[in-house]
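This is what each chain is made of:
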Amino acid sequence: MDNIELLLSELDKTQLCEFIRKECNSDGQFKQRFLALGAGTVFHPKSVDYQSRVKGIIEDFEGRHGYVEYRDTFDLNRAVCEIIDEADVAMSNQRWEIAMAILEGIALAGEDVINCDDDSAGELGGVVEECFAKWHELCGNELLPSKIKSEIFELSINHFTEEHLKGWDWWWDWIQMAISLADTSEKQERIIAALDDVINSKGDEWSVRYNTQTAQRYKLEIMSRRGTPEEQRKFMYENVGNPDFRRRLLQMVWDEGNYEEVLRLAKDGITHDSGMIGLVNEWHKWELQTFRHKNDKPNTFRLARYFFFEGSLFVEKEYSMESMYALMKSIVSDEDWNGVVDMLIKEASEKQEGARQLFIYTQEKMWDRYMEYLRKTPYICNLDNAPEEVWKLYKDELIQLYSSCVRRFFQNASNRNSYRDGVKLLRKLIKYGGKVEADKIIVEQKTRTPRRPALLDELSKL
């Protein structure tokens, strides 16, 4: 930089002008960066100029196959974000038209950025994300003049109705911007009209349903600014198929103590969303919560049993297998419990729910039934997870089952990684008390033909 400063001090304007003309003529990116110096002063900034700059950057990074290589996406991200930085400077200097032109230009080139390569690293989507983050920052700037707010409102509502970036969530950023700037009834009506066009779209595919429900949520947001709570509630009931609306209504009627309506809404949701197990479970939770509150033991037991078998492995603790089992046990009399246990074991067996079957044996300390199950399914994972009580009672038999599993594993092992895993199993077998059995397996493997040097090497590490 010192040399550059020295050279600039020596060159006259004519030399500089000639150099700049030559570079602008041969380098499109240099030309666009140079022209950006005059935006807002020498000439009015245009979004298409910045759109062209972004497209030029993409072309510079495109390889011979016409797309940007994965390894270059980070550098492309930085190059476009340098243009976004120009918007930051413009906002700091209250040069609002420049900031708008920059951000609109990048947004207009958004699809080109996203589609120029595989975006596994998120660098390309990150460009668009940063652009709209800056848009929202601009919309929320307290110093923004009313005239500029109106211009951004027009720009955002037009891009939304023109379906720019539709198919990505960034399409909805346009309506978010419009809502944040809708300071008159007329503007709010225009937003509602745009949203109604989406809501009234026809089709059964997932994208249509997603867009409809998203538009309904934004319409409710507008209604919250201008309508009454009763009107909002009526709108949610009219569109109760929207899961967000059903959640709000369920919470509202629960807070009001209207438990019959809670059950009605939940039951309706179970029917309406029958093909989506996540939502069905959510509505069942509201049912269970209500039945427990009403001390309705038969229905509480029914739903606890449902969640015991149908609950996800990653479900919250309140609805876990352990919690639901404890809940069932708490509402069944002692004299009836054994019958319930037999029923649950039978159902788990019919559904081939081995984990739940073993869980019941553990809870009820049915060690003989547990061992019977292990004899039928002598897998390493089942043997490793067997309770300490089972190992104490059936140690010798479990060691024999374990050694059979290890022997079978080595029979199928054919590379160093699998040999290494087999040695780990041998260590476990020895730890359980099966050293004699482990030694036999080691001798068998050392005498295998043809000889396997990798196997012998891994066994030598025992």
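Summary of the structure given here.

Reading guide: rules and limits
- Residues numbered from 1 in each chain as written.
- Predicted model: local features only at pLDDT ≥ 70, side-chain atom pairs only at ≥ 80, totals over all residues.
- Heavy atoms only, no water.
- Helix = DSSP H or I, 4+ residues; strand = E, 2+ residues; numbered from the N terminus.
- Rg over C-alpha atoms; globule rule 2.2 N^0.38 Å.
- Contact = heavy atoms within 4.5 Å.
- Areas by Shrake-Rupley, 256 points an atom, 1.4 Å probe, with all protein chains shown as cover.
- Lys, Arg positive; Asp, Glu negative; His and termini not counted.
- Charge placed at Lys NZ, Arg CZ, Asp CG, Glu CD.
- Buried < 20%, exposed > 50% of the residue type's maximum accessible area, 1.4 Å probe, protein only.
- Axes fitted to C-alpha atoms, helices over the stretch in contact; angles between N-to-C directions.
- Parallel < 35°, antiparallel > 145°, perpendicular 65-115°, else oblique.
- Left-handed = near helix turned anticlockwise from the far one by under 90°.
- Nonpolar A, V, L, I, M, F, W, Y, C, P; charged D, E, K, R; others polar.
- Salt bridge = Lys/Arg side-chain N within 4 Å of Asp/Glu carboxyl O.
- Patch = residues over 30% accessible without salt bridge, like charges linked within 9 Å, V, L, I, M, F, W, Y side chains within 5 Å.
- Phe/Tyr/Trp six-rings, centres within 6.5 Å; stacked < 30°, edge-to-face > 60°.
- Lys NZ or Arg CZ within 6 Å of the ring centre and 35° of its normal.

The next subject is the overall build of the chain. Secondary structure assignment for the chain yields 27 helices and zero strands. Since a compact globule built from 462 residues should have a radius of gyration of about 23 Å, the 34 Å found for the chain marks it as more spread out than a globular shape. Its C-alpha atoms put the chain at 95 × 70 × 40 Å along the principal axes. Look at the contacts in the chain between residues 6 or more apart in sequence, and 57% of them connect residues 24 or more apart. Just so you have it, the chain exposes about 25800 Å², and 49% of that area is on carbon and sulfur atoms. Computing the positive centroid from 63 side-chain charges and the negative centroid from 82, the chain places the two 8 Å apart.

Our next topic: the side chain of serine 47. Assignment of secondary structure puts serine 47 in helix 4 (residues 47-61). A relative accessible area of 15% places serine 47 in the buried class. Discounting chain neighbours no more than four positions away, the residues touching serine 47 are Ala101, Glu104, Gly105 and Leu108.

Following both chains from N to C, one finds helix 5 (residues 73-92) and helix 6 (residues 96-108) inclined at 155°, their axes separated by 7 Å at the closest point. By the angle between their axes, helix 5 is roughly antiparallel relative to helix 6. Here helix 5 runs over helix 6; the crossing is left-handed. Across from Val80, Ile83, Ile84, Glu86, Ala87, Ala90 and Met91 in helix 5, the residues of helix 6 making contact are Trp96, Ile98, Ala99, Ile102, Leu103 and Ile106. Classifying every residue of the contact of helix 5 with helix 6 by side-chain character gives twelve nonpolar, no polar and one charged.

Interhelical geometry of helix 14 (residues 243-255) versus helix 15 (residues 259-272) gives an angle of 160° and a closest axis separation of 8 Å. It follows that helix 14 is roughly antiparallel to helix 15 by the angle criterion. The way helix 14 lies across helix 15 gives a crossing that is left-handed. The residues of helix 15 that touch helix 14, namely those facing Arg246, Leu249, Leu250, Val253 and Trp254, are Tyr259, Glu261, Val262, Leu265, Ala266, Asp268, Gly269 and His272. Residue composition of the contact of helix 14 with helix 15, grouped by class: eight nonpolar, two polar and three charged.

Bringing the environment of leucine 462 into the picture now. Along the chain, the position of leucine 462 falls in the segment after helix 27 (453-459). If sequence neighbours within four positions are ignored, leucine 462 has contacts with Val423, Leu426, Arg427 and Ile442.

A few words now on the side chain of aspartate 173. Mapping aspartate 173 onto the fold places it in helix 10 (residues 170-181). Lacking a salt bridge, the buried aspartate 173 has arginine 217 as its closest oppositely charged neighbour, with an N-O distance of 12 Å. Look past the residues within four positions of aspartate 173 in its chain and what remains in contact with it is Phe132 and His136.

In this section: a nonpolar patch on the surface. Nonpolar side chains collect at one region of the surface, where Met1, Ile4 and Leu8 lie side by side and expose about 330 Å² of accessible area between them. Its location among the elements puts methionine 1 in the segment before helix 1 (2-10).

Further remarks concern a negative patch on the surface. Taken together, Glu82, Asp85, Glu129, Glu130 and Asp169 make up a surface patch of like negative charges. Only helix 5 and helix 8 (123-139) provide two or more residues apiece to the negative patch. With respect to the helices, strands and loops of the structure, glutamate 82 is situated in helix 5.

Now for the pattern of salt bridges. Within the structure shown, the criterion is met by 34 salt bridges. Between lysine 134 and aspartate 88 there is a salt bridge; the shortest N-O distance is 3.2 Å. Within this pair, whereas lysine 134 is found in helix 8, its partner aspartate 88 is found in helix 5, the two being separated by 46 residues in sequence. For lysine 134, a relative accessible area of 8% gives the class buried. What makes aspartate 88 partly exposed here is its relative accessible area of 28%. Residues glutamate 310 and lysine 351 are paired through a salt bridge, measuring 3.6 Å at the closest nitrogen-oxygen approach. Separated by 41 residues along the polypeptide, glutamate 310 in helix 17 (residues 297-310) and lysine 351 in the loop between helix 19 (334-350) and helix 20 (354-363) bring together distant segments of the chain. According to the relative accessible area criterion, lysine 351 is partly exposed, its value standing at 39%. By sharing partners, the salt bridges in this structure join Arg416, Arg420, Asp457, Glu458 and Lys461 into a single network.

Moving on, we come to the packing of aromatic side chains. The geometry of two aromatic rings is summed up by the distance between their centres and the angle between their planes. Counted by the stated rule, this structure contains 21 aromatic pairs. With a centroid separation of 4.2 Å and 20° between ring planes, the pair formed by tryptophan 391 and tyrosine 432 is classed as stacked. Of this pair, tryptophan 391 sits in helix 23 (residues 388-393) while tyrosine 432 sits in helix 25 (residues 416-432), and the two are 41 residues apart along the sequence. Three or more aromatic residues joined by ring pairs make a cluster, and in this case those are Phe308, Phe309, Tyr325, Trp337 and Phe359. The side chain of lysine 187 reaches across the aromatic face of phenylalanine 153, ending 5.4 Å from its centre.

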